[in-house]
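# A structural walkthrough
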Amino acid sequence: MQQIINFLLKNKNGLLYVFLLIIALGFTVQSNSYHQSKLFNSTNWFSGNIYQTSANISNYFTLEDENKTLLEENKRLRHLLFNKSLIPKDSIVIDTTLPYKVISANILKNSYLLSKNYPTINAGEKQGVAQDMGVITSNGILGIIEHTSSNFAIIQSILNTKSTINAKLKNSNYFGSLIWNTKDFNTVQLTDIPRLVKLKIGDTVVTGAMSSIFPENIPIGTIKDYKLNPSDNSYHINISLFQDMSNVKNVYIIKNKNKQEINELEKSIE
């Protein structure tokens, strides 16, 4: 207590000056609308910055929840997209009887530098994931489910020498097979396109309708370059993928509820 009194006595002139200055500033602001406006704006700027900083910190710690919410919304939108031809235009409710169901997941381990690449995801049999389901990203396709456990699954990536996926040219609907020659992890190859087809660099390639794994017209990439294979009069086409295969985080697994019935029907005529 004595130290406080000593401090006040030692600095009485300075403290008196600050006190009188505050009173003078108060009278000035009260009697002048310009100064009131400046004070108000300054206070708003200061408090606004504090709130913004607080919001930024709060948003940082809620990013995971926000990402989950966005994944769920994207899953719903993709469900509607894949089934759009069967959904009434005025409907906003997902019909569980529609053929395509979408399951969201995250990449736990990416793989893109080997000749046979197998990314791992954090969704498995308990989440409804099964072998031979298609896997896509927000930008394009990733591959097909090959192995599952209770809570995890392994994908046979399109960057895999075993992978063959039905694909087509968007502008002409000619079909071919999508394969990978292992040379570049962002470039795959489209084969079996006949020489009579007119090609143009930059044309879009999408999934075809000759498979029960992927819905039709999912974007894959664009034509990078091409050459004619004289032996079978078809093109060998390099496709630049829309998805950067070295940077994959969130994926969507596509379940075709009619797949088993289609497969059994096809086997009956073999």
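Below you will find a few notes about this structure. (Residues numbered from 1 in each chain as written. Predicted model: local features only at pLDDT ≥ 70, side-chain atom pairs only at ≥ 80, totals over all residues. Heavy atoms only, no water.)

### Describing the pattern of salt bridges
Between side chains of opposite charge, a pair can form as their charged atoms come close. Within this structure, the stated rule accounts for 3 salt bridges. With a shortest N-O distance of 3.7 Å, Glu146 and Lys162 are connected by a salt bridge. Here the residue Glu146 occupies a position in strand E4 (residues 141-148), and Lys162 occupies one in the loop between strand E5 (153-157) and strand E6 (165-169), the gap between them amounting to 16 residues. On the basis of relative accessibility, which here comes to 15%, the residue Glu146 falls in the buried class. Overall, Lys162 belongs to the partly exposed group, its relative accessible area being 45%. Measuring nitrogen to oxygen at the nearest pair gives 3.9 Å for the salt bridge that ties Asp184 to Lys224. One end of the pair, Asp184, is in the loop between strand E7 (175-179) and strand E8 (187-194); the other, Lys224, is in strand E10 (residues 219-229), with 40 residues separating them in the sequence. (Salt bridge = Lys/Arg side-chain N within 4 Å of Asp/Glu carboxyl O. Helix = DSSP H or I, 4+ residues; strand = E, 2+ residues; numbered from the N terminus. Buried < 20%, exposed > 50% of the residue type's maximum accessible area, 1.4 Å probe, protein only.)

### Some thoughts on the sheet that holds E4
As summarised here, the arrangement of the 6 strands in space is E1-E2-E5-E4-E3-E12, forming a closed barrel in which the pairing is antiparallel. Alignment of strand E1 (residues 100-109) against strand E12 (residues 250-256), held across 7 bridges, turns out to be antiparallel. Its bridge partner lying in E12, Ala105 is registered against Val251. (Pairing = 2+ DSSP bridges.)

### Topic: the side chain of Thr120
Structurally, Thr120 can be placed in strand E2 (residues 120-121). Discounting residues that sit within four places of it in the chain, Thr120 has contacts with Asn106, Ile107, Leu108, Lys109, Ala153 and Ile154. (Contact = heavy atoms within 4.5 Å.)

### Digging into the pairing of E4
Counting buried positions over the 8 residues of E4 gives 6, a clear majority of the element. When strand E3 (residues 134-136) meets E4, the two strands line up antiparallel, connected through 3 bridges. Directly across from Gly134, in E4, lies its bridge partner Ile144. Two successive antiparallel strands, E3 and E4, enclose a turn made up of 4 residues. In the sheet, E4 pairs with E5 via 5 bridges, with the strands oriented antiparallel. Following the sheet pairing, Ile144 is matched in E5 by Gln156. Count of turn residues in the E4/E5 antiparallel hairpin: 4 residues.

### Description of the sheet that holds E7
Strand order in the closed barrel formed by 6 strands is E6-E7-E8-E11-E10-E9, and the pairing between neighbours is antiparallel. Each adjacent strand pair in this sheet contributes to an overall mean axis angle of 40 degrees, direction not counted. In this sheet, E8 lies alongside E7 in antiparallel orientation, the contact comprising 3 bridges. Residue Ile179 lies in a different strand from E8, and its bridge partner there is Gln189. (Axes fitted to C-alpha atoms, helices over the stretch in contact; angles between N-to-C directions.)

### Some details on the side chain of Ser111
By secondary structure assignment, the location of Ser111 is in the loop between E1 and E2. At 2.9 Å, the side chain of Ser111 and the side chain of Asn117 are in polar contact. Separated by 3.5 Å, the side chain of Ser111 and the backbone nitrogen of Tyr118 make a polar contact. (Polar contact = N/O pair within 3.5 Å; in protein donor to acceptor, adjacent residues only side chain to side chain.)

### A closer look at the environment of Thr161
The topology assignment puts Thr161 in the loop between E5 and E6. In sequence terms Thr161 and Asn117 are 44 residues apart; their C-alpha atoms lie 8.6 Å from each other. Ignoring any residue separated from it by four or fewer positions in sequence, one finds Thr161 in contact with Ser115, Lys116, Trp180 and Thr182. Here the side chain of Thr161 touches Lys116 through a polar contact of 3.4 Å, side chain to side chain.

### Here we look at unusual backbone geometry
One non-glycine residue with positive phi stands out, namely Asp192, at about 70 degrees. With respect to the secondary-structure elements, Asp192 resides in strand E8. Phi is positive for Asn217, which is not a glycine, with a value near 75 degrees. Here Asn217 lies in the loop between strand E9 (204-207) and E10.

### Focus on the packing of aromatic side chains
Taken as a whole and judged by the stated rule, the model has 2 aromatic pairs. Aromatic pair Tyr112 and Phe185: ring centres 4.9 Å apart, planes at 65 degrees, arrangement edge-to-face. Of this pair, Tyr112 sits in the loop between E1 and E2 while Phe185 sits in the loop between E7 and E8; the two residues are 73 residues apart in sequence, bridging distant segments of the chain. Judged by its relative accessible area of 23%, Tyr112 falls in the partly exposed class. Taken together, a centroid distance of 5.6 Å and an interplanar angle of 90 degrees make the contact between Tyr226 and Tyr235 edge-to-face. (Phe/Tyr/Trp six-rings, centres within 6.5 Å; stacked < 30°, edge-to-face > 60°.)

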